[in-house]
Amino acid sequence: MDTPTLSSSFVKEAAIRVGFDACGIAVASPLTEEEWGYEEWLRLEYQADMTYMEHHREMRSDPSLLVPGAKSVIVLLSGYKPSQTMQDRVPGARIAQYAYGEDYHERIKRMLFQLIAAIRQNYPDFEAKPCVDTVPISDKQWARRAGLGWIGRNTLLVNPILGSYCNIGELVTPFPADKYDTPIENRCGDCRACVDACPNFALTQTADTHVPLLNANRCASYHTIENRAETLPEDLHLSGYAFGCDVCQLVCPYNRTAAVRYQLTDEHKDQLEALKDADPITFKRLTKHTVLSRIRHSQWLRNQKK
Ligand code: SF4
Ligand code: SF4
């Protein structure tokens, strides 16, 4: 039996109904090195100690190795720009804006399953693999392919409405679609605000094709989260962050005008203040179901001392 062709407008309407902010559908043909500079990034050892990024190299660019017979990558965006920044609320213990509230992995996964259920109302045999950071697939590159934005000099997907403040999820499926999206033009223009603002000179690009690259060895976001060593590099600037770093995003003109998607409440502020000097048990309790649970209490303290 032939696999039915999905109506792209039906899928996109269903995506908005379950709570996503944007949806695009990309043809599941392999990503090319010219598109995303992955091999160059590895050759330069910009992955630092994230050795998992060296694994499943082919699968990262070819979704048919993840889902046999993959025809479409349905890409979903969920914006997270908060209603206000809490930059100076807890000096030395800032957290990246994507870290407020419920862990986005859990939230997006739930919405992806809701979308599968919604699509099955019209296509009862619909099958898809839901992805949100937990499988080897390059979210940003697939979002770009699906016409949802461009890769900015900050190396993130920049969506014209949500800016770079968006979480990305995918459904990889063997179902073809009646209409595929194509990439939109890069709108960074002459702007270099993010590159100039990075206190650690972590933003660079490939020599030939000028694909933006992040040198994780120099990135505060990498070091505050992924680096488990007792001490951090002497010359690394954390800009007051104890989890992640938003410096290169805060200066982006597209983020200044991006749609607010998340209301910060007094409860969030109180929790952040309570976290600052929390003991290990309190830290564990307060970070449960948030992305902050990804780091150890010892990292949290180490980052604040830097
Ligand atoms: S997250 Fe911070 S350290 Fe990393 S590239 Fe952006 S500004 Fe630089
Ligand atoms: S700050 Fe400027 S260069 Fe950087 S991503 Fe935004 S628009 Fe592009």
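Here, the structure is the one placed above.
Residues numbered from 1 in each chain as written. Chains lettered and ligands numbered in written order. Predicted model: local features only at pLDDT ≥ 70, side-chain atom pairs only at ≥ 80, totals over all residues. Heavy atoms only, no water.

Caption draft 1: Representation of the overall build of the protein within the structure. The number of helices and strands found in the protein is 13 helices and 10 strands. For a compact globule of 306 residues, the expected C-alpha radius of gyration is about 19 Å, and the protein comes in at 20 Å, within 12% of that figure. Projected onto its principal axes, the C-alpha positions of the protein cover 60 × 45 × 35 Å. Within the protein, the fraction of its 306 residues that count as buried is 54%. For the protein, the share of sequence-separated contacts (at least 6 apart) that also reach a separation of at least 24 residues comes to 75%. Carbon and sulfur atoms form 51% of the exposed surface of the protein, whose accessible area is close to 14,500 Å². Separation of charge centres in the protein, based on 35 positive and 39 negative side chains, amounts to 4 Å. (Helix = DSSP H or I, 4+ residues; strand = E, 2+ residues; numbered from the N terminus. Rg over C-alpha atoms; globule rule 2.2 N^0.38 Å. Buried < 20%, exposed > 50% of the residue type's maximum accessible area, 1.4 Å probe, protein only. Contact = heavy atoms within 4.5 Å. Areas by Shrake-Rupley, 256 points an atom, 1.4 Å probe, with all protein chains shown as cover. Lys, Arg positive; Asp, Glu negative; His and termini not counted. Charge placed at Lys NZ, Arg CZ, Asp CG, Glu CD.)

Caption draft 2: Representation of the site of ligand 2 within the structure. As a structural note, the neighbourhood of ligand 2 is formed by Gly152, Arg153, Asn154, Cys188, Cys191, Ala193, Cys194, Cys252, Pro253 and Tyr254. Under a 2 Å grid-point criterion requiring more than half of the atoms, the pocket assigned to ligand 2 is the largest cavity. Elements that contribute at least two residues to the shell around ligand 2 include exactly helix H7 (193-197) and helix H10 (253-256). Among the residues forming the shell around ligand 2, the class breakdown is seven nonpolar, two polar and one charged. (Near = heavy atom within 4 Å. 1 Å grid on protein atoms, 1.4 Å probe; cavity = no way out; pocket = protein on both sides within 12 Å on 5 of 7 lines; lining within 4 Å. Sits in = over half its atoms within 2 Å of the grid points. Nonpolar A, V, L, I, M, F, W, Y, C, P; charged D, E, K, R; others polar.)

Caption draft 3: Quick peek at the nonpolar core. Grouped together as the largest cluster of nonpolar side chains are 45 residues, with contacts concentrated most on Phe20, Ile74, Leu115, Phe126, Leu171, Phe243 and Trp300. Secondary structure elements with two or more residues in this core: helix H1 (8-17), strand S1 (22-27), strand S2 (72-79), helix H5 (104-120), strand S10 (241-243), helix H11 (266-276) and helix H12 (280-287). For this core, the element with the most residues is H5, which contributes eight residues. In this structure, Ala26, Trp142, Cys194 and Cys248 belong to the second largest nonpolar core, which totals 41 residues. (Core = buried A, V, L, I, M, F, W, Y, C linked by side-chain atoms within 4.5 Å.)

Caption draft 4: Broad picture of the pattern of salt bridges. Under the defined criterion, the tally for this structure stands at 12 salt bridges. Between Arg57 and Glu39 there is a salt bridge whose closest N-O contact spans 2.7 Å. You can see Arg57 sitting in helix H4 (residues 57-61) and its partner Glu39 sitting in helix H3 (residues 38-43), a full 18 residues away along the chain. A salt bridge links Arg110 to Glu102, with the shortest nitrogen-to-oxygen separation between them at 2.8 Å. Judged by relative accessible area, which is 42%, Arg110 ranks as partly exposed. Three or more residues are tied together by salt bridges with common partners; here these are Glu35, Arg144 and Arg145. (Salt bridge = Lys/Arg side-chain N within 4 Å of Asp/Glu carboxyl O.)

Caption draft 5: Fine view of the sheet that holds S2. Pairing in this open sheet of four strands is antiparallel, and the strands run S1-S2-S7-S4 from one edge to the other. Sheet topology places S1 and strand S4 (129-131) at the edges, where each strand pairs with a single neighbour. On average, each strand axis in the sheet is inclined to that of its neighbour by 20°, with strand direction left out of account. Pairing of S4 with strand S7 (residues 166-173), which is carried by three bridges, proceeds in the antiparallel orientation. (Pairing = 2+ DSSP bridges. Axes fitted to C-alpha atoms, helices over the stretch in contact; angles between N-to-C directions.)

Caption draft 6: Up close: empty space enclosed by the protein. The final tally for this structure, using the stated rule, is two cavities of 30 Å³ or more. Put simply, the largest cavity is a space of about 100 Å³. Along its surface, the largest cavity is lined by Trp150, Gly152, Arg153, Asn154, Val158, Cys188, Cys191, Cys194, Cys252, Pro253 and Tyr254. Of the residues that constitute the lining of the largest cavity, the class distribution is eight nonpolar, two polar and one charged. (Points joined across faces, edges and corners; volume = space filled by probe spheres on them.)

Caption draft 7: Structural context of the pairing of S2. With eight of its eight residues buried, S2 lies for the most part within the structure. What you see with S2 is no split at all: Ser72, Ile74, Leu76 and Ser78 on one side and Val73, Val75, Leu77 and Gly79 on the other are buried throughout. Direction of pairing for S1 relative to S2: antiparallel, over a ladder of six bridges. Within S2, the residue paired with Val27 across the bridge is Ser72.

Caption draft 8: Just H12, in detail. What H12 keeps buried is the set Thr282, Phe283, Leu286 and Thr287. Down the axis of H12, the smallest arc covering the buried residues is 115°, so these residues share one side. Of the residues in H12, the exposed ones pointing more than 90 degrees away from the buried face are Ile281, Lys284 and Arg285. Packing partners of the buried residues in H12 comprise H11 and helix H13 (297-305). In the stretch just after H12, His289 is the one whose phi turns positive, near 65°. (Arc of directions from axis to C-beta.)

Caption draft 9: Structural view of the environment of Trp41. If you trace the backbone, Trp41 turns up in helix H3. Residues in contact with Trp41, not counting those within four places in the same chain, are Tyr46, Gln47, Met53, Leu213 and Leu214. In terms of polar contacts, Trp41 uses its side chain to reach the backbone carbonyl oxygen of Leu214, at 2.7 Å. (Polar contact = N/O pair within 3.5 Å; in protein donor to acceptor, adjacent residues only side chain to side chain.)

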